[in-house]
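# Examination of the molecular architecture
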Amino acid sequence: MADLTDLGVAAIRDGVRSGAFSAVEVADAFIVKVAKAKPLNAFLVETPDAALAAARAADTARAAGETLKPLAGVPIGMKDLFCTKGVATTAASHILEGFVPTYESTVSQNLWDAGAGMLGKLNMDQFAMGSSNETSAFGNVISPWRRPGSDAPLAPGGSSGGSSSAVAAGLCPGATGTDTGGSIRQPAAFTGISGIKPTYGRCSRWGTIAFASSLDQAGPMARDVRDCAILLEAMAGFDAKDATSLRQDVPRWEAGLSGSLAGKRVGVPKEYRVDGMPEEIEALWQAGIDWLRDAGAEIVDVSLPHTKYALPAYYIIAPAEASSNLARYDGVRYGLRELPEGAGLQDMYAATRAAGFGPEVKRRIMIGTYVLSAGFYDAYYTQAQKVRTLIARDFERAWESCDVLLTPTAPSAAFALGEKSADPIAMYLNDVFTVPSSLAGLPAMSVPGGLDKQGLPLGLQIIGKPLDEQGVLNAGLAIEQRAGFTARPQTWW
Amino acid sequence: MTESSYRIQGATGEWEVVIGLEVHAQVTSNAKLFSGAATAFGAEPNTQVSLVDAAMPGMLPVPNMECIRQAVRTGMAIDAEINRWSRFDRKNYFYADLPQGYQISQLYHPLVGEGAIEISPDDKNPDATKTIGVERIHVEQDAGKLMHDQHPTRSYVDLNRSGVALMEIVSRPDMRSPAEAGAYLRKLRAILRYVGSCDGNMEEGSMRADVNVSVRKPGDDLGTRTETKNVNSVRFVMAAIEYEAKRQVELIEDGGRVVQETRLFNVESGTTRSMRSKEDAHDYRYFPDPDLLPLELDEAFLAACRASLPELPDAKRKRYEALGISAYQADVLTAEVEAARWFDALLEAGAKPVAAANWTTSELFGALNRGGHDIAQSPVSPAQAAELLALVADGTLSGSLAKQVFEVMLETGDAPAKIVEDRGLKQTSDTGAIEAVIAEVIAKNPNQLAQYRGGKETLFGFFVGQTMKAMGGKANPAVVNDLLKKALS
Amino acid sequence: MSVDTATVKKVAALARIAITDEDASRLAPELSNILGWIEQLEGVDTAGVAPMTAVIPNQLRLRDDVVDADPLTGGGIRDSLMANAPQAEHGFFTVPKVIE
Ligand SMILES: [Mg+2]
Ligand SMILES: [Zn+2]
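Residues numbered from 1 in each chain as written. Chains lettered and ligands numbered in written order. Predicted model: local features only at pLDDT ≥ 70, side-chain atom pairs only at ≥ 80, totals over all residues. Heavy atoms only, no water.

In the nomenclature of an unreviewed UniProt entry, chain C is known as Aspartyl/glutamyl-tRNA(Asn/Gln) amidotransferase subunit C of Sphingomonas kyungheensis. What the UniProt record of chain C gives under Sequence similarities (unreviewed entry) is the line "Belongs to the GatC family." (UniProt positions renumbered as here; feature names shortened; annotations may be inferred.)

Now the structure itself:
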């Protein structure tokens, strides 16, 4: 039998349904692969029993002649931002070390209800704050990709770096990610996989550890567009426990997939042509334009004039929300407690949070605290939310002349670990292309387009209208069908 | 409009006291403002706490419609502006009773805007009113409870109250005396209880006041105020104001300065002191709660709120006065919603308003007071009382017989007609029987008769008394009067 | 905006993060740098622009007033609620004694 771990979500689902192989065989194969991949540090917790239990349930159901659930037999990785009942959940932060939720996040519950099994909890940037997975309290995640002739460890992107690394290395056919300013799309681009952030409100945020509430969205990361569609269908859906959840039926995205873009207009925003963008990215972008034209789309130039303000606005709004969202980590009800000799309550808070949060988390809490503090609120926060309105308006205008937008996902290919960690702003600039659509709550995805000169993957981003995940997926599929991206990292671990 | 003449006499002259109250009223609801946990008072610690209330990772708030509805109805009851667009903000600070590290409240866009409450600071003169402005009512979460006396080195945290819905009702600094503040609180409490948006139970903490006090020389600008937190009875609020005003006057006259600060009222000593624990909590970093969208209310919702409002105390009092009931009695009858509802039922059962008001305020309230009952536990129902009053009105019972019957009603819960029947308490107007008794009384008291006939007319009452006594209190007093006059002349 | 170490300490205190003098000296230029960068927003003309309240048109839903309607957001779960508590006794979370 071929290596089952070479298969994606759709192939596994179909193979289990047809009886080509059993779900337990699939689970076993991935469990072994996960166990061997310690050097990638992609998993914080391995849960082979959970994966096997779901697999057995799928096999039993099939043996009984029952209709199989949509994801029966499919094992996946779960980003450690999702609370999982009975399984340690830390958001890759020391402050939640040892925390075992007594409840299950809506998104993960939806996946289990669809028959998926959990291979484990995936490492990530601490509290989803980072673009390289270097802020985890439990060590960097290493990308399975390497530059030719070099064993310098590369960043898998972030914050969903455990997810991207695991999927790219074939440790799981798909994984969950979360995206606040690009945390699904940028790591997907860095590792040559696909990932989609749906419209804000499609996936419930209940039980997902919050970073920035008005931006956070869960989404899938997988090997191709179809697999993303399948996973997103299971993850999404209205949830009465989340006041920002959209009361919308989940479309049958997989069934609606079509790589033909006849009659569609694809906008190319000129403001994304930033100074110092590597030629290869320019070239890939042009290739993407050609592919979509080939798929039948009309290409139009559009302008999103406030693009350059998106990143600074984001670095006000997201830290402000985070500074408040992370106030609950105080050592009283769960997680770390640091109680120096003779400390009072407020000293305990300060000591606990100093010991529990990593440097990037502290930095963002400090920025968020500062911009909300007396006398600065309007100048920073209110102004940023006004700019956000302008950014959203830019997109609305663009939709008058196009159906989706095509841009690069990130301004560079994967960089080496340590290369940018000394300069926060250089790191923040990684999200320059992904942040604007996050601020506007729009669906957006990254699909691999090709390799750079060093043989590292580059991604293309498609941004869609509110609720038009189908349009985004279809444009992604059109690129996928033409890009012929088959590169896989060599196993070195 | 009355002007308060309340002044603090200082060494340098008279000082005026300026008072504003922020009242936290617990909204009557089954479940909490943002979670499904129960709100009932007195449960075992941490048993009415959801994952949301304990701010577990990933938890999110979803607002309870009933809490919004009750706050809107309260706003309508004080003729306030209802904002169809409001928003929840986070007030950020760290404290062990605040699991989220922020309180979800409303700062920038409260649900209810400007309104007013009319108070009568002098209960002997309810028509002398003063209008106190209400700046706003907003909806927010209550905090949990800390207990400091259970352990030598630890405080205990009970989150049962955490997330219970509160209305914060913020007055204008329009009050000038402890009496006005007391009247405002009583009136506000009455309105809340009429509306049903808060049970007004101050002992259980359903209503607490933050008392803002400053002093100034009459005519001067506002002085610096202090805020005494969480005072939980009308009496304590008045005491806190008195203490705080005197303290501030003495402080200023001694050359000191009032610091704007949060203070705590000590129930035992009747004094206030600075609250250390809140010292550095000045920068709350308010911003819109990103977990919640703006709250938008449509016309249908508002119309339903308006339609559900009961008759409110002022309107009821005016209606009673129009029925001929005295202003004082009307005020007494409308002060408590249960009493007013009871009285309304009495009127509906056919009792004549003036007689009913007299009887209710004297006989019924007196009996309830003696028995330590409140009206909800009244052993006598409005229908029974109406029956009793009808027996008086048609001459079956005299006033004193009615009292006797009422006593029996209180004891047995029996219907008045049955009591009259069983115990033979019916008043008699049988002139033959009365004349026979009068003849006996006159025969037994020759001296008094002589004195009376000699001009000592005050002895008439003596003969009435003797006759009534001999009749066992059952003689119709008017008939007795008539017949005695004839017999004695 | 240039942030000095005193400001850094003030902000850290507000955020309840203990920092050393060294931390503060390191963070001051770092935060100044970031704040300087985000201040480019000052230049954006936002006159007459309403701050964003909801990125996707959506209405705030209100729940019915029902206790424990959904067990996931209801009460009566003390054991699971306190399962992760660093310190608890007699059904209470406990903290160092607070003097009010
Ligand atoms: Mg207050
Ligand atoms: Zn309040």
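Back to the text.
Below, the discussion takes up the overall build of chain C. Along its length, chain C carries three helices and two strands. Listing the helices and strands of chain C from first to last along the sequence gives α-α-α-β-β. The C-alpha radius of gyration computed for chain C amounts to 23 Å, which surpasses the reference 13 Å derived for 100 residues by more than 25%, pointing to a less compact arrangement than a globule. Seen through its C-alpha atoms, chain C measures out along the principal axes to roughly 50 × 45 × 25 Å. Out of the 100 residues belonging to chain C, those deemed buried represent 46%. Counting only carbon and sulfur atoms, one obtains 52% of the accessible surface of chain C, whose full area is about 4900 Å². Here chain C holds 8 positive side-chain charges and 15 negative ones, and the gap between their average locations is 5 Å. (Helix = DSSP H or I, 4+ residues; strand = E, 2+ residues; numbered from the N terminus. Rg over C-alpha atoms; globule rule 2.2 N^0.38 Å. Buried < 20%, exposed > 50% of the residue type's maximum accessible area, 1.4 Å probe, protein only. Areas by Shrake-Rupley, 256 points an atom, 1.4 Å probe, with all protein chains shown as cover. Lys, Arg positive; Asp, Glu negative; His and termini not counted. Charge placed at Lys NZ, Arg CZ, Asp CG, Glu CD.)

Assigned secondary structure in chain A consists of 15 helices and eleven strands. For 493 residues, the compact-globule formula gives about 23 Å, and the C-alpha radius of gyration of chain A, at 21 Å, lands near that figure. Burial analysis of chain A (493 residues in total) assigns 69% to the buried set. Long-range pairs, those at least 24 residues apart, make up 76% of the contacts in chain A with a sequence separation of at least 6. Here chain A has roughly 14500 Å² of accessible surface; of this, 50% comes from carbon and sulfur atoms. Charge centroids of chain A, computed over 44 positive and 52 negative side chains, lie 3 Å from each other. (Contact = heavy atoms within 4.5 Å.)

Another point: the coordination of the magnesium ion (ligand 1). The protein atoms donating to the magnesium ion (ligand 1) are B:Glu22 (OE), B:Asp210 (OD) and B:Glu227 (OE), with metal-donor distances spanning 2.1 to 2.5 Å. In the primary structure, the donors to the magnesium ion (ligand 1) are separated according to the pattern E-x187-D-x16-E. (Donors = N, O, S within 2.8 Å, 3.2 Å for Na, K, Ca; no water.)

Overall, antiparallel pairing links the four strands, which are arranged β8(B)-β9(B)-β2(C)-β1(C) in an open sheet. The outermost strands of the open sheet, each flanked by one partner alone, are β8 (145–147) of chain B together with β1 (88–89) of chain C. Alignment of strand β9 (residues 154–158) of chain B against strand β2 (residues 92–96) of chain C, held across four bridges, turns out to be antiparallel. Among the inter-strand pairings, B:Ser155 is bridged to a residue of β2(C), identified as C:Val95. (Pairing = 2+ DSSP bridges.)

So, about the side chain of B:Arg136. Residue and element names in this part refer to chain B. Note on placement: Arg-136 falls in strand β7 (residues 130–141). The buried charged residue Arg-136 lacks any salt bridge partner; its closest oppositely charged side chain belongs to Glu-135, at an N-O distance of 5.0 Å. Separated by 3.1 Å, the side chain of Arg-136 and the backbone oxygen of Leu-107 make a polar contact. With near-sequence residues (within four places) excluded, Arg-136 lies in contact with Gln-106, Leu-107, Pro-110, Val-112, Gly-113, Glu-168, Ile-169 and Val-170. (Salt bridge = Lys/Arg side-chain N within 4 Å of Asp/Glu carboxyl O. Polar contact = N/O pair within 3.5 Å; in protein donor to acceptor, adjacent residues only side chain to side chain.)

The residue B:Lys246 is located in helix α3 (residues 234–253) in this model. Distance in space between the C-alpha atoms of B:Lys246 and B:Gly461 is 56 Å, their sequence separation being 215 residues.

A word on the coordination of the zinc ion (ligand 2). Residues and elements named next belong to chain B. Here the zinc ion (ligand 2) is held by the protein donor atoms His-24 (NE2), Glu-140 (OE) and Glu-168 (OE), which lie 1.9 to 2.0 Å from it. Sequence spacing among the residues donating to the zinc ion (ligand 2) works out to H-x115-E-x27-E. Separating the zinc ion (ligand 2) from the magnesium ion (ligand 1) is a gap of 5.1 Å. A residue pair is termed long-range when its members are at least 10 positions apart, and His-24 in strand β2 (residues 13–26) and Glu-168 in strand β10 (residues 165–171) qualify at 144 residues. A relative accessible area of 9% means that Glu-168 is categorised as buried.

Let us look at the sheet that holds strand β15 (residues 287–288) of chain B. Residue and element names in this part refer to chain B. Overall, antiparallel pairing links the three strands, which are arranged β5-β4-β15 in an open sheet. Every other strand in the sheet has two partners, leaving β5 (102–105) and β15 as the edge strands with one partner each. One ladder, built from two bridges, connects strand β4 (residues 89–92) with β15; its direction is antiparallel. Looking at the pairing, Asp-89 lines up with Pro-288 of β15.

Successive residues of a regular strand alternate their side chains across the two faces of the sheet. All names here are of chain B. Side chains Gly-115, Ile-117 and Ile-119 project from strand β6 (residues 115–119) onto a buried face, and the interleaved Ala-116 and Glu-118 project onto a face without burial. One ladder, built from five bridges, connects β6 with β7; its direction is antiparallel. Directly across from Ala-116, in β7, lies its bridge partner Gly-133.

Accessible area lost on assembly of the parts is the figure often given for the size of an interface. Tallying the contact residues gives 38 residues for chain C and 54 residues for chain B. With both sides pooled, the region where chain C packs onto chain B buries about 4200 Å², and carbon together with sulfur makes up 58% of that total. The tally of links from chain C across to chain B stands at one salt bridge. Taking the shortest distance from any N to any O, the salt bridge between C:Glu89 and B:Arg154 comes out at 2.8 Å. Across the contact surface, chain C and chain B share 23 residue pairs in polar contact (both at pLDDT 80 or more). When residues of the side of chain C that touches chain B are traced back to their parent elements, those giving at least two are α3 (78–82) and β2 of chain C. The element best represented in the side of chain C that touches chain B is β2(C), accounting for five residues. Looking at the side of chain C that touches chain B, its residues break down into 17 nonpolar, eleven polar and ten charged. (Buried area = accessible area lost by both parts, 1.4 Å probe. Nonpolar A, V, L, I, M, F, W, Y, C, P; charged D, E, K, R; others polar.)

The subject of this paragraph is the nonpolar core. Note on soluble globular proteins: their nonpolar side chains tend to be buried together. One finds A:Leu71, A:Leu111, A:Phe127, A:Val371 and A:Phe395 to be the most contacted residues of the largest nonpolar core, which totals 223 residues. Other than its neighbours up to four places away in sequence, A:Leu71 contacts A:Val9, A:Leu111, A:Ala114, A:Gly115, A:Ala116, A:Ile230, A:Leu231 and A:Ala234. Of all hydrophobic cores here, the second largest spans 106 residues; its members include B:Leu21, B:Ile78, B:Leu401 and C:Leu60. (Core = buried A, V, L, I, M, F, W, Y, C linked by side-chain atoms within 4.5 Å.)

On the side of chain C, 50 residues touch chain A, which itself brings 72 residues to the contact. Carbon and sulfur atoms supply 71% of the area that chain A and chain C bury against each other, a total of about 5100 Å² over both sides. For the chain A face of the interface with chain C, the top three residues by lost area are A:Met366, A:Tyr370 and A:Ile425, together amounting to 13%. Where chain A packs against chain C, one counts one salt bridge. On the surface where chain A and chain C come into contact, there are 18 residue pairs in polar contact (both at pLDDT 80 or more). Counting only elements with at least two residues in the side of chain A that touches chain C, the list comes to α9 (310–325), α10 (345–356), α11 (359–372), α12 (377–398) and α13 (424–428) of chain A. Per element, the largest residue contribution to the side of chain A that touches chain C is twelve residues, and it comes from α12(A).

Turning our attention to unusual backbone geometry. Generally, phi is negative for residues other than glycine and the peptide bonds are trans, each holding for most cases. Residues and elements named next belong to chain A. That bond from Gly-158 to Ser-159 is cis: its omega, 10°, falls within 30 degrees of zero. The topology assignment puts Ser-159 in the loop between β3 (117–122) and α5 (161–168). The backbone of Asn-133 shows a phi angle near 60°, a positive value even though the residue is not glycine. Tracing the chain through its elements places Asn-133 in the loop between β3 and α5.

Attention now goes to the pattern of salt bridges. Residue and element names in this part refer to chain A. Enumeration according to the criterion identifies 57 salt bridges over all chains in this entry. Among the salt bridges present, the one from Glu-254 reaches Arg-13, with a minimum N-O distance of 2.8 Å. With a gap of 241 residues between them, Glu-254 in the loop between α7 (225–235) and β7 (265–269) and Arg-13 in helix α1 (residues 9–18) connect regions that are remote in the sequence. A salt bridge links Glu-360 to Arg-363; the nearest nitrogen and oxygen atoms lie 2.2 Å apart. With Glu-360 and Arg-363 both in helix α11 and three residues apart, the pair spans about one turn of that helix.

In this section: the packing of aromatic side chains. Per the stated rule, a full pass over the model turns up 31 aromatic pairs over all chains. Here the aromatic cluster, defined as three or more aromatic residues joined through ring pairs, consists of A:Phe99, A:Phe127, A:Tyr329, A:Tyr334 and A:Phe357. One residue, A:Arg146, lies across the ring of A:Trp492, its end atom 3.7 Å from the ring centre. Above the face of the B:Trp15 ring, B:Lys217 is positioned so that its terminal group lies 4.7 Å from the ring centre. (Phe/Tyr/Trp six-rings, centres within 6.5 Å; stacked < 30°, edge-to-face > 60°. Lys NZ or Arg CZ within 6 Å of the ring centre and 35° of its normal.)

With that out of the way, let us pick up the packing of helix α9 (residues 382–393) of chain B against helix α11 (residues 416–423) of chain B. All names here are of chain B. Following both chains from N to C, one finds α9 and α11 inclined at 55°, their axes separated by 8 Å at the closest point. Relative to α11, the element α9 lies oblique. On the side of α9, the interface is formed by Gln-384, Glu-387, Leu-388 and Leu-391, while α11 contributes Pro-416, Ala-417 and Val-420. Classifying every residue of the contact of α9 with α11 gives five nonpolar, one polar and one charged. (Axes fitted to C-alpha atoms, helices over the stretch in contact; angles between N-to-C directions. Parallel < 35°, antiparallel > 145°, perpendicular 65-115°, else oblique.)

Moving on, we come to helix α2 (residues 21–38) of chain C. For α2(C), built from 18 residues, the straight-helix expectation of 26 Å at 1.5 Å per residue is met to within 8% by its first-to-last C-alpha distance of 25 Å. Residues of α2(C) that are buried include every one of C:Ala24, C:Leu27, C:Ala28, C:Glu30, C:Leu31, C:Ser32, C:Ile34, C:Leu35, C:Trp37 and C:Ile38, and no others. On its buried face, α2(C) is in contact with α9, α11, α12 and α13 of chain A together with α1 (5–14) of chain C. (Expected span 1.5 Å × (residues − 1).)

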